[in-house]
Every structure is written in C-alpha cells, then in structure tokens.
Amino acid sequence: GFHPLAVDDALRESHIPKVDDWETYLYIVLHDIGFEKATSDVETFELDVFLGRNFIVTHHDFPIISLDRVWDLSERDERSYKRGADHILYRITDELTADFMQVIEEMDEEIEWVENEVFKKPDTSIVQRIFTLKRATLHLRRVMSPLREVLNKLARDEYAVVDKRDRVYFRDVYDHLVRLHDISESLRDLAGGALDTYLSVVNNRMNDIMKTLTLITTLFLPISFLAG
C-alpha cells in the first residue's frame, strides 16, 4: 500500500537524506558511507526505509554492511523484534553512524600521512591526493548535514509510527552525528592546511634554488666581465 510517489523516489536512488510522513508509514532516505584508501575518495550508498507501526521495509541497490549487522543481530536475538519496528530503525541508524565514525577515522589517518609526505617529497601526486581529500570532506559534509536533520526530526517530531519512548534513542544518534559533523569540519580545515603547507614547502625549495643560481651567477660575473 505504499504511495506510487514514495516507491518512485525509492527506485530513483538520487535523493539526499530526508523523511516523508505518509500518516500510516514513514518514507525515510538514509545514506551509508565508505572510504576508498587507494583513491582517498568517499562513496555513499542510498538506503530507503518504509517504516510502519509493525513493519519495516528497506531497499538498496548496493550491499550495505551496517544493515547486514542489524539483520544478524535481529536473527540472533528475537527480543529485537519485540521492541518494535521503530527500534529496529534506531539500530540501523546507529550502525550507519558507526560507519561514518570509521570513515572519519580513516580520513584523519590519510590526512596525517599526506602531511608527513609533504615534507618528505612534495610532488604533484601529493597535490592530487590533497585535492581528492578536500573533495571527500565536502562530500562527507553534504551527506551528514541532511542526515543529521533526519535524526533530529525522528527524535523531536511526533510520528504515529514512532513510539515516544524510542525518541530518546534517536536523540542519542543525533548527538553522535552532531559531534561527527564538527569533526568533519575540522578534517576539511586540516586538508586545507595540508595544501597551504605544500605550497610553503615548494616556495621554500624554490627560494633555495634561486639562491644557488644567484650565487653561481655572482661567481661567474667577474670572469664574464674580464672575458668581455
């Protein structure tokens, strides 16, 4: 009985995180995230959720590990079902947030590695890595901002299919996302700082080269004058 517009939204796979209230159920768009170390790039995977009073339906085109973890936990412990469909949604959002935390930690390590490489061998490959990391931090911010608002709505707004007792759990996930959003902002500043450091190192090396060339020119100037 899902509305055709909600089904169409789920099949398009091109939406930012959001929550639509269809009275008898909620249509929620969430995003999972992954970080590819080889390319220093961030990948996002859309997860569409239909939440009713006594059911939860998920749709995704790509494997989502956090969803598999919730499934395995629910299979092992039947009490997960007894707490309601909205509590399973909380489990899913909590696992998604854990994936964001892991990606942020991996990006932090990558930025630290780039900062060390800037002083060792500042070449064009490092510049490309820095720009890729900057794009990744911007992508991370674009995903986390609307996702944070989705959790804020689930924690504070009154929905017929979300029990009042479970709002506190969504508020907990929201608090985690707020903290992660602040950390992602600092990562963007670190990536920008790495680029500034690279430019400073390159300029210093260029100044050293110019000093050497000036010294050589000065030494050969008297000889050139005598020869002339």
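Scope of this entry: the structure provided in the associated data block. (Residues numbered from 1 in each chain as written. Predicted model: local features only at pLDDT ≥ 70, side-chain atom pairs only at ≥ 80, totals over all residues. Heavy atoms only, no water.)

Examining the overall build of the protein
Helix and strand counts for the protein stand at 6 helices and 4 strands. Secondary structure elements of the protein occur, N-terminal to C-terminal, as α-β-β-β-β-α-α-α-α-α. The globule rule puts the C-alpha radius of gyration for 228 residues at 17 Å, and the 26 Å found for the protein is more than 25% above it. Taking the principal axes of the C-alpha coordinates as reference, the protein spans close to 100 × 35 × 30 Å. Considering the protein as a whole, with its 228 residues, one finds that 41% of them fall into the buried category. When contacts within the protein are restricted to residue pairs at least 6 apart in sequence, those whose partners lie at least 24 apart make up 64%. Surface exposure of the protein reaches about 13200 Å², of which carbon and sulfur atoms provide 55%. (Helix = DSSP H or I, 4+ residues; strand = E, 2+ residues; numbered from the N terminus. Rg over C-alpha atoms; globule rule 2.2 N^0.38 Å. Buried < 20%, exposed > 50% of the residue type's maximum accessible area, 1.4 Å probe, protein only. Contact = heavy atoms within 4.5 Å. Areas by Shrake-Rupley, 256 points an atom, 1.4 Å probe, with all protein chains shown as cover.)

A few points about the sheet that holds strand β1 (residues 18–21)
In space, the 4 strands of this open sheet follow the order β1-β2-β3-β4, with antiparallel pairing throughout. Every other strand in the sheet has two partners, leaving β1 and β4 (56–59) as the edge strands with one partner each. Direction aside, the axes of adjacent strands within the sheet are offset by 20° on average. Bridging between strand β3 (residues 41–52) and β4 involves 4 bridges; their strand directions are antiparallel. Looking at the pairing, F50 lines up with V57 of β4. Set on the sheet, helix α4 (residues 85–120) makes contact with β2 (25–36), β3 and β4; between it and β2 the angle comes to about 25°. (Pairing = 2+ DSSP bridges. Axes fitted to C-alpha atoms, helices over the stretch in contact; angles between N-to-C directions.)

Observations concerning a nonpolar patch on the surface
A surface patch of nonpolar side chains, about 800 Å² in accessible area, is lined by I209, M210, L213, L215, I216, L219, F220 and I223. By secondary structure assignment, the location of L213 is in helix α6 (residues 167–227). For L213, a relative accessible area of 47% gives the class partly exposed. (Patch = residues over 30% accessible without salt bridge, like charges linked within 9 Å, V, L, I, M, F, W, Y side chains within 5 Å. Salt bridge = Lys/Arg side-chain N within 4 Å of Asp/Glu carboxyl O.)

A look at the nonpolar core
A general tendency of soluble globular proteins is for nonpolar side chains to be buried together. Within the largest apolar cluster, 51 residues are counted, with the highest numbers of intra-cluster contacts made by L26, I28, L30, L151 and L154. At the level of elements, β2, β3, α2 (65–76), α4, α5 (124–156) and α6 are the ones that each hand at least two residues to this core. Dropping the residues within four chain positions of it, L26 is found in contact with V19, D20, D21, V49, F50, L51, L154, Y159, V161 and V162. One finds A6, A10, V29 and F50 within the second-largest nonpolar core, a separate group that totals 6 residues. (Core = buried A, V, L, I, M, F, W, Y, C linked by side-chain atoms within 4.5 Å.)

Some remarks on the packing of aromatic side chains
Across all of its chains, the model carries 9 aromatic pairs by this definition. A network of ring pairs unites the aromatic residues F2, W22, Y25, Y27, F50 and F55 as a single cluster. (Phe/Tyr/Trp six-rings, centres within 6.5 Å; stacked < 30°, edge-to-face > 60°.)

Describing α2
Between its terminal C-alpha atoms α2 stretches 17 Å, which fits the 16 Å expected from 12 residues at 1.5 Å a residue. Those residues of α2 that fall on the buried side of the exposure criterion are S66, L67, V70 and S74. Projection of α2 onto a plane perpendicular to its axis shows the buried side chains occupying an angular sector of 105°, all on one side. Of the residues in α2, the exposed ones pointing more than 90 degrees away from the buried face are I65 and R76. Of the surrounding elements, those touching the buried residues of α2 are β2, β3, β4, α3 (79–82) and α4. (Expected span 1.5 Å × (residues − 1). Arc of directions from axis to C-beta.)

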